[in-house]
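Residue strings, one per chain:
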Amino acid sequence: SQTIHQWPATLVQPVGSPLSLECTVEGTSNPNLYWYRQAAGRGLQLLFYSVGIGQISSEVPQNLSASRPQDRQFILSSKKLLLSDSGFYLCAWNAGASGKTYNEQFFGPGTRLTVL
Amino acid sequence: AQSVTQLGSHVSVSEGALVLLRCNYSSSVPPYLFWYVQYPNQGLQLLLKYTSAATLVKGINGFEAEFKKSETSFHLTKPSAHMSDAAEYFCAVRRNTPLVFGKGTRLSVIA
């Protein structure tokens, strides 16, 4: 069966510090991968998605970036965190290259980021 | 572009009462629609999905939703609320794009 992991689970960082959040998926190949941010009272915001290694689509211009160095690994980064980067970050995946556009997305447990 | 609107950011029901969470969608093509549930500090879990088969979709935990094209709606219902249903619920739409989520509805269940 497929599983998705995120770490760390919680993170407290000072303003201006770098960030690296990691997401890995097991039990599947060629997944589509997604990063969402959930800020208090603002719902889910899609940040990045990837349909393959090295292929990143950015949905929102900001000081965050994403990379996909391996098929089942997705990394969210920042060189300098802002207060507004605080939130709950969720990684998700769904089956890619299958032609089935109704595949649901499966979510990881999330990372709670607090920027002070 | 596809979008969903969830009416009511917070809904409160008594234990044993009907749960109704509203979702309206906007899509230029037949959509695929989803309901997810999120418990505090956890990821999202799929409750049910509509993929152009039966318009009445049954999901986990006793929830169901009905796709109504004429009303562009996909409301989530449960006949009898349990305390364990207290959570945040998200409606989402997808058609050849990543999922687009509504802003969520927080469900509170009163004993």
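The rules we used
Going along each chain's sequence as written, the residues are numbered from 1 onward. All chains are assigned letters beginning at A, and all ligands numbers beginning at 1, according to the order in which they are written. Totals for whole chains, interfaces and linings use all residues, but because this is a predicted model, local features are given only for residues with pLDDT of at least 70 and pairs of side-chain atoms are given and counted only at 80 or more. Note that the side-chain values use all heavy atoms of the structure and ignore hydrogens as well as water. Labels follow the DSSP assignment, with helices taken as runs of H or I lasting at least four residues and strands as runs of E lasting at least two, numbered in each case from the N terminus. Exposure is judged per residue with a 1.4 Å probe applied to protein chains only, and the accessible area is read against the type maximum: over 50% gives exposed, under 20% gives buried, and values in between give partly exposed. Residues count as neighbours in contact if any of their non-hydrogen atoms are within 4.5 Å of one another. Exposure was quantified through the Shrake-Rupley algorithm and a 1.4 Å probe, taking into account, for residues, occlusion by the shown protein chains and nothing else. In summary, the charge assignment counts Lys and Arg as positive and Asp and Glu as negative, without counting His or the chain termini. By convention, charge coordinates are those of NZ in Lys, CZ in Arg, CG in Asp, or CD in Glu. Strands are labelled as partners when DSSP assigns at least two bridges between them. When the sulfur atoms of two cysteines come within 2.5 Å, that pair is taken as a disulfide. Polar contacts here mean pairs of N or O atoms no more than 3.5 Å apart (in protein, one a potential hydrogen donor and the other a potential acceptor; neighbouring residues in sequence count only if both atoms are side-chain atoms). Lines fitted to C-alpha atoms define the axes here, with helix axes fitted over just the stretch in contact, and angles between the N-to-C directions of these axes take values from 0 to 180 degrees. The term salt bridge refers to a side-chain nitrogen of Lys or Arg lying within 4 Å of a carboxyl oxygen of Asp or Glu. The definition of a nonpolar core used throughout is a set of buried Ala, Val, Leu, Ile, Met, Phe, Trp, Tyr and Cys residues joined through side-chain atoms within 4.5 Å.

**As for the overall build of chain A**
Item 1. Assigned secondary structure in chain A consists of zero helices and 11 strands.
Item 2. Taken from N to C terminus, the helices and strands of chain A fall in the order β-β-β-β-β-β-β-β-β-β-β.
Item 3. Principal axes of the C-alpha set define a box for chain A whose edges measure 40 × 25 × 20 Å.
Item 4. Looking at chain A residue by residue over its 116 residues, the buried ones come to 48%.
Item 5. If you take every contact in chain A between residues at least 6 apart in sequence, the share linking residues at least 24 apart comes to 56%.
Item 6. Summed over its atoms, the accessible surface of chain A is roughly 5500 Å², and 53% of this surface lies on carbon and sulfur atoms.
Item 7. Positive and negative charge centroids in chain A, built from 8 and 6 side chains respectively, lie 7 Å apart.

**Here we look at the overall build of chain B**
Item 1. When you go through chain B residue by residue, the secondary structure sums to zero helices and 11 strands.
Item 2. Helices and strands in chain B line up, N terminus first, as β-β-β-β-β-β-β-β-β-β-β.
Item 3. Principal-axis analysis of the C-alpha atoms gives chain B an extent of 40 × 30 × 20 Å.
Item 4. Sorting the 111 residues of chain B into buried and exposed places 44% on the buried side.
Item 5. Residue pairs at least 24 apart in sequence account for 56% of intrachain contacts in chain B once pairs closer than 6 positions are excluded.

**Re the pairing of strand S6 (residues 55–58) of chain A**
Residue and element names in this part refer to chain A.
Item 1. In the sheet, strand S5 (residues 44–52) pairs with S6 via three bridges, with the strands oriented antiparallel. Along S6, the bridge assignment pairs Gly52 with Gln55.
Item 2. What sits between S5 and S6 in their antiparallel hairpin is a turn of two residues, with Gly54 showing a positive phi close to 75 degrees.

**Some thoughts on the state of the cysteines**
Item 1. Per the stated rule, a full pass over the model turns up two disulfides over all chains.
Item 2. The side chain of Cys23 of chain A participates in a disulfide bridge whose partner is Cys91 of chain A; the two sulfur atoms lie 2.0 Å from each other. Taking the sign of the S-S torsion, -75 degrees for the link of Cys23 of chain A and Cys91 of chain A, the bridge is left-handed. Here the residue Cys23 of chain A occupies a position in strand S3 (residues 19–26), and Cys91 of chain A occupies one in strand S9 (residues 87–95), the gap between them amounting to 68 residues.
Item 3. With its sulfur 2.0 Å from that of its partner, Cys23 of chain B forms a disulfide with Cys91 of chain B. Here the S-S torsion is close to -65 degrees, and the disulfide linking Cys23 of chain B with Cys91 of chain B is therefore left-handed.

**Let's talk about the side chain of Gln73 of chain A**
All names here are of chain A.
Item 1. Along the chain, the position of Gln73 falls in strand S8 (residues 73–78).
Item 2. In terms of polar contacts, Gln73 uses its side chain to reach the side chain of Glu22, at 2.6 Å.
Item 3. With residues near it in sequence (within four places) discarded, Gln73 still touches Glu22, Cys23, Thr24, Leu33, Ser67 and Arg68.

**Structural notes on the sheet that holds strand S7 (residues 64–68) of chain B**
Residue and element names in this part refer to chain B.
Item 1. Taken in spatial order, the five strands make up an open sheet running S1-S3-S8-S7-S6, and their pairing is antiparallel. In this open sheet, the two edge strands, each paired with only one partner strand, are strand S1 (3–7) and strand S6 (56–58). On average, adjacent strands in this sheet sit at an angle of 20 degrees to one another, irrespective of strand direction.

**Brief notes about the interface of chain A and chain B**
Item 1. Contacts between chain A and chain B engage 21 residues on the former and 19 residues on the latter.
Item 2. At the boundary of chain A and chain B, one finds one salt bridge.
Item 3. The partner of Lys49 of chain B in a salt bridge is Glu104 of chain A, with the nearest N and O atoms 2.7 Å apart.
Item 4. At the junction of chain A and chain B, the tally comes to six residue pairs in polar contact (both at pLDDT 80 or more).
Item 5. Top contributing element to the side of chain A that touches chain B by residue count: strand S4 (residues 31–38) of chain A, with four residues.

**Considering the nonpolar core**
Item 1. Core analysis: the biggest nonpolar cluster contains 26 residues, and Trp35, Leu48, Phe74, Leu76 and Tyr89 of chain B have the highest contact counts within it.
Item 2. At the level of secondary structure, the elements contributing two or more residues to this core comprise strand S2 (10–14), strand S3 (19–26), strand S4 (32–38), strand S5 (44–50), S7, strand S8 (73–78), strand S9 (87–94) and strand S11 (105–110) of chain B.
Item 3. Counting residues in hydrophobic clusters, the runner-up holds 19 residues, among them Ala66, Phe74, Leu76 and Leu113 of chain A.

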